[in-house]
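So you can see what is in the structure, the chains are spelled out below.
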Amino acid sequence: MTATRIWTLASVTLALLAAGAQAQTAQQPSPYAIEGCASGCFALKERGAAIYTGADAASYRICSRSNLGAEISVDSAIVRISNRDCTDVNGRSIVLNSGEIALGRLPR
């Protein structure tokens with residue numbers, strides 16, 4: 001093989017390896033990624049709004065959208081979310097008590 005051909009093969013191999021590495025690290029946007037709210041999440045600020053009520057428990061990631069934090073009720077237990085912090089909750093009855101939140105459903 002000539003030096004030019006070896007150099008070309010090496011370049012092609014490196015390009016394919018780089019493309020493969022990029023393909024492995026590329027991830028689909030999470031349907032419950034509150035941080036970016038790319039998809040599958042929504043904002044809520046109506047006091048007393050039911051986030052979820054059902055016979056089976058459901059899991060949500062809930063984040064405070066304000067400096068004042070937020071408070072939610074999960075199966076009658078009070079959960080406080082600090083200034084722009086997030087928490088994951090699981091329950092049959094999830095209600096916003098105060099504050100402004102962003103939330104998304106977590107997979108089962």
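Residues numbered from 1 in each chain as written. Predicted model: local features only at pLDDT ≥ 70, side-chain atom pairs only at ≥ 80, totals over all residues. Heavy atoms only, no water.

J.: Describe in detail the overall build of the protein, supporting the description with residues and values.
T.: Secondary structure summary: the protein contains 1 helix and 6 strands in total. Taken from the N to the C terminus, the helices and strands of the protein come in the order α-β-β-β-β-β-β. Looking at the protein residue by residue over its 108 residues, the buried ones come to 30%. The contacts in the protein between residues at least 6 apart in sequence include a share of 65% that link residues at least 24 apart. When the accessible surface of the protein is summed, it comes to about 7,300 Å², and 53% of that surface belongs to carbon and sulfur atoms. (Helix = DSSP H or I, 4+ residues; strand = E, 2+ residues; numbered from the N terminus. Buried < 20%, exposed > 50% of the residue type's maximum accessible area, 1.4 Å probe, protein only. Contact = heavy atoms within 4.5 Å. Areas by Shrake-Rupley, 256 points an atom, 1.4 Å probe, with all protein chains shown as cover.)

J.: Residues and numbers for the pairing of strand S5 (residues 86-98), please.
T.: In this sheet, S5 lies alongside strand S2 (residues 50-64) in antiparallel orientation, the contact comprising 9 bridges. The residue of S5 that forms the bridge with Tyr-52 is Ile-94. Across 4 bridges, strand S3 (residues 70-74) lies against S5 in antiparallel orientation. Counterpart to Ile-72 in the pairing with S5 is Leu-96. (Pairing = 2+ DSSP bridges.)

Any functional reading would require information that these geometric values do not contain.
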